[in-house]
Amino acid sequence: MNDSTSSGSSKLDEALGGPTERTLPRLRKVVITGISGRFGRIVARRLHHELDWQIIGLDRRPMLGKPKDIEHHSYDLRSKKARDIFRAGDIDALIHLGVMHDPRARPAELYSWNVTGTAKLLEYCQAYRVPKVVLLSSANVYGPRPDNPQFLTEDAPLLASQRFPQMRDLVEIDHMTSTFLWRAQQIETVILRPVHIVGPMRNAPSNYLRIERPPVLLGFDPMVQLVHYRDAAEAIVCALTPGRRGIYNICGPGELPLSAVLRELRRDPLPIPHPLAKPILSAAFRFGVSSFPVAELDFIRYVCMVDGRRASAELGYRPRYGLRETIHAVDEPA
Amino acid sequence: MGLLERLRQLRPEAHQTSGGSSAGTTRGTTGGPREGSTRRAPDDDIAARTQALVVQGNEFGYDPFGLSKDSLKTAVTLARFFYRHYFRAEAHGIEHIPATGRVVFVANHSGQLPFDGMVIAAAAFLEPAQPRLVRSMVEYFVPTVPFASYLFSRWGQITGTPENCRRLLATDEAVLVFPEGARGISKPFSRRYQLAEFGKGFLRLALETQSPIVPVAVIGAEEQAPAINLRRVAKLFGLPSLPIVPYPPFLPIVPLPVKYRLYFGEPIQLRGDPDDDEDVLDAQVKIVKNRIQSMIHMGLRERQHVFW
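Remember, it's a predicted structure, so these values are computed and weren't measured experimentally.

A. Molecular detail of helix α9 (residues 229–240) of chain A. Residues and elements named next belong to chain A. Compared with the 16 Å implied by 1.5 Å per residue over 12 residues, the 17 Å span of α9 between its first and last C-alpha is a close match. For α9, a buried count of 10 out of 12 residues is recorded, marking the element as mostly surrounded by other parts of the structure. Within α9, the full set of buried residues consists of Tyr229, Asp231, Ala232, Ala233, Glu234, Ala235, Ile236, Cys238, Ala239 and Leu240.

Right, here's the structure in full:
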């Protein structure tokens, strides 16, 4: 994390207003949205304890088990107060993890929170010269489709919202941020599109893999990619390195059929014929039995895998956890 | 006739070279005396052959495209039955299958159902000293069909996108392409052994990845389902084609037990710019197409009977 890449750091220096600022031994300051989630806390802890960043958390939820020296604000991203955090002008980076996925929330509210919120954040970053913006998007933005190539590269179109309205927000945020990447040349914007992040968190893939009898679609067994939550956090650290900008797929240790993942976890899959799966799942969702939106069925039906070579070549990111460790991360205690 | 004779004379020496190039996988029968004119004793130890396949797999035994050697054994056992017993396939020019390295097999496509693909793959797996796994490009609708969706991928077959093909060739795999596509497989009996229009995708990929093209002529598949195609009715029901055969069950679900003859031609190494003018590419496609067409003619002249 030292300023070894000279070209990168000089770019940063310009953005910060002078070369002297970088060389001063002051703590680097990062704003993390969505810090109260389990993944947010892991990222914060990694940056704070191990790399000595000064952390400002931005999340409407309270942050449980917050260390004293982490600043936390429960502001709405769209509020004046959120802007004031950036106005001080000494923020070195923004890590935007706060994309809300709650499938039970009202779509209009989600949309406003996610899309307007992100637009505001990007606006603050440009106005107050934040030199680094990292967005945690997802490889799901490409969408699971029968005609997908086995490995999608970063320039593949983001087609997830075509069949999957719940993904619309994330696709739009990703698009907005990639426009920002090209428009705001003085800011190093990094968009990370990790494959399914698994760990002791409450996201859809981890929740699914923790079910004792996970429903699967009879006659379908797509290849899937998983990434260990600590590897995903590491990818964010890699993205913070001065000089790095661009869009990167983040892969885990390899590819496996869904059935092999479930076998490794000793789960007992429940095969459902796919014409029945939709009505069953939508009824289960309506009655509050399941939290999986119907459209997510496509993720256990079709392939949606990505090529992570660019991230390893340009970001220097490499997964450290093997296949077995990654799979078993879902059963780690929180 | 003359060409075939030459092919036959080529066999013994090519045999030695291919046997020598894979010294690690010698089998008892590969060096043995040849039976009859072109056939050698079947060397069908599927477990050993699967073991000898060169594929990249992870600790769970799956390659990036979902191939698993364990599942492959089942598929090959089935394919061997069709290859050896049902179609009694005969393969010529096996020495033209490179033991290693990237290669694009380009073949004529026929017979309503893609048994020709299976037979070519079985030949490349069962016949050479070093078995090759042929990966064919399946249609986009296959991943939407239950069971076929994952079985095809366990057996090493892949969704036919150019990206997939490029990636496989870059890792020195063998890819099978039918440039006639649906035009070829669903053509009516009256147009048998006339090649339909070739697509240019295979050529672009071969030029881009500098892969040799091995032309393959398949004789026999045309007669496995002598069908007429009810295009208008198919259109009415939104089907890609509706072939009708003149015997029960009238749909070509079960192929007739014709005899398959495969001719593998000499590898063609084409050079050029994959983004060149259509005319330039067309000329190169024509080289491959003509080679296949002449091998088809040769094979048809050679053939005494459709069923034996």
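B. Representation of the nonpolar core within the structure. Grouped together as the largest cluster of nonpolar side chains are 164 residues, with contacts concentrated most on A:Val134, A:Leu192, B:Phe105, B:Val119, B:Ile120, B:Val216 and B:Leu262. Sort the elements by how many residues they give to this core and helix α4 (residues 115–126) of chain B lands first, with 10 residues. The contacts of B:Phe105, once residues within four sequence positions are left out, are B:Ile120, B:Val134, B:Ala174, B:Val175, B:Leu176, B:Val177, B:Val214 and B:Val216.

C. Examining the confidence of the model for chain B more closely. Residue and element names in this part refer to chain B. Here chain B averages 84 in pLDDT, while 86% of its residues score no lower than 70. Across residues 6–41, where pLDDT falls below 50, the model places 41 contacts with residues more than four positions away in sequence or in other chains. Interface scoring of the predicted complex returns ipTM 0.81; its pTM is 0.83.

D. Highlighting the sheet that holds strand β11 (residues 255–257) of chain A. All names here are of chain A. Spatially, β7-β9-β11 is the arrangement adopted by the three strands of the open sheet, whose pairing is mixed. Each edge of the open sheet carries a strand with a single partner, namely β7 (196–198) and β11. On average, adjacent strands in this sheet sit at an angle of 50° to one another, irrespective of strand direction. In this fold α9 packs onto β7 and β9 (223–228), with an angle of close to 70° to the strand it touches most, β9.

E. Local environment of the pairing of β9(A). Residue and element names in this part refer to chain A. Counting buried residues along β9, six of its six residues qualify, which places the element largely inside the surrounding structure. By the alternation rule, side chains of β9 split into Met223, Gln225 and Val227 and Val224, Leu226 and His228, which are all buried. Pairing between β7 and β9: three bridges, direction parallel. Opposite valine 198, over in β9, you have histidine 228 as the bridge partner.

F. A look at the sheet that holds strand β4 (residues 93–96) of chain A. All names here are of chain A. Reading across the sheet, the seven strands line up as β3-β2-β1-β4-β5-β6-β10 and stay open at both edges, with parallel pairing between neighbours. Looking at the sheet topology across the chains shown, the edges are occupied by β3 (71–73) and β10 (246–250). Going across the sheet, the axis of each strand differs from the next one's by a mean of 15°, ignoring polarity. Alignment of strand β2 (residues 54–58) against β3, held across three bridges, turns out to be parallel. Among the inter-strand pairings, isoleucine 56 is bridged to a residue of β3, identified as glutamate 71. Lying over the sheet, helix α7 (residues 168–183) contacts β5 (132–136), β6 (188–194) and β10, oriented at roughly 150° with respect to β6.

G. Looking closely at the interface of chain B and chain A. Counting residues at the interface gives 20 residues for chain B, matched by 18 residues for chain A. Those elements giving two or more residues to the side of chain B that touches chain A turn out to be α5 (148–154), β4 (158–159) and α6 (162–170) of chain B. In terms of residues, the side of chain B that touches chain A owes the most to one element, α6(B), which gives three residues. Here the residues of the side of chain B that touches chain A sort into 10 nonpolar, seven polar and three charged.

H. The arrangement of the confidence of the model for chain A in detail. For chain A, the average pLDDT comes to 88, and 92% of its residues sit at 70 or higher. Here residues 1–24 of chain A scores under 50 on pLDDT; set against residues more than four positions off or in separate chains, the count is 28 contacts.

I. Fine view of the packing of helix α3 (residues 38–50) of chain A against α9(A). Residue and element names in this part refer to chain A. Following both chains from N to C, one finds α3 and α9 inclined at 55°, their axes separated by 10 Å at the closest point. Here α3 lies oblique to α9, going by the angle between them. The element α3 and its partner α9 pack so that their crossing is right-handed. For the pair α3 and α9, the contacting residues are Phe39, Ile42, Val43 and Arg46 in the first and Tyr229, Ala233, Ile236 and Val237 in the second.

J. Just the packing of helix α3 (residues 69–86) of chain B against α4(B), in detail. Residues and elements named next belong to chain B. It is at 9 Å that the axes of α3 and α4 come closest, and there the two elements cross at 105°. Here α3 lies roughly perpendicular to α4, going by the angle between them. Two secondary-structure elements touch here, α3 through Val76, Ala79, Arg80, Phe82 and Tyr83 and α4 through Phe115, Met118, Val119, Ala121, Ala122, Ala123, Phe125 and Leu126. For the contact of α3 with α4, the per-class residue count stands at 12 nonpolar, no polar and one charged.

K. Region of interest: unusual backbone geometry. All names here are of chain B. Of note, the amide linkage connecting proline 248 to proline 249 takes the cis form, showing an omega dihedral of 0°. Along the chain, proline 249 turns up in the loop between β8 (243–244) and β9 (261–264). A positive phi angle, near 65°, is found at glutamine 112, a position not held by glycine. Relative to the assigned elements, glutamine 112 resides in the loop between β2 (103–107) and α4. Even without being glycine, glutamine 210 reaches a positive phi, approximately 55°. Structurally, glutamine 210 is set in the loop between α8 (201–209) and β6 (213–219). Residue classification places glutamine 210 among the exposed residues on the basis of 11 C-beta atoms within 10 Å.

L. Representation of the pairing of β10(A) within the structure. Residues and elements named next belong to chain A. Most of β10 is tucked away, with four of its five residues classed as buried. In terms of strand pairing, β6 meets β10 through five bridges, oriented parallel. Considered in β10, the bridge of leucine 192 is made with tyrosine 248.

Rules of the game
Residues numbered from 1 in each chain as written. Chains lettered and ligands numbered in written order. Predicted model: local features only at pLDDT ≥ 70, side-chain atom pairs only at ≥ 80, totals over all residues. Helix = DSSP H or I, 4+ residues; strand = E, 2+ residues; numbered from the N terminus. Expected span 1.5 Å × (residues − 1). Buried ≥ 20, exposed ≤ 12 C-beta atoms within 10 Å, placed from the backbone. Core = buried A, V, L, I, M, F, W, Y, C linked by C-beta atoms within 7 Å. Contact = placed C-beta atoms within 7 Å. pLDDT = per-residue confidence, 0-100. Pairing = 2+ DSSP bridges. Axes fitted to C-alpha atoms, helices over the stretch in contact; angles between N-to-C directions. Nonpolar A, V, L, I, M, F, W, Y, C, P; charged D, E, K, R; others polar. Parallel < 35°, antiparallel > 145°, perpendicular 65-115°, else oblique. Left-handed = near helix turned anticlockwise from the far one by under 90°.

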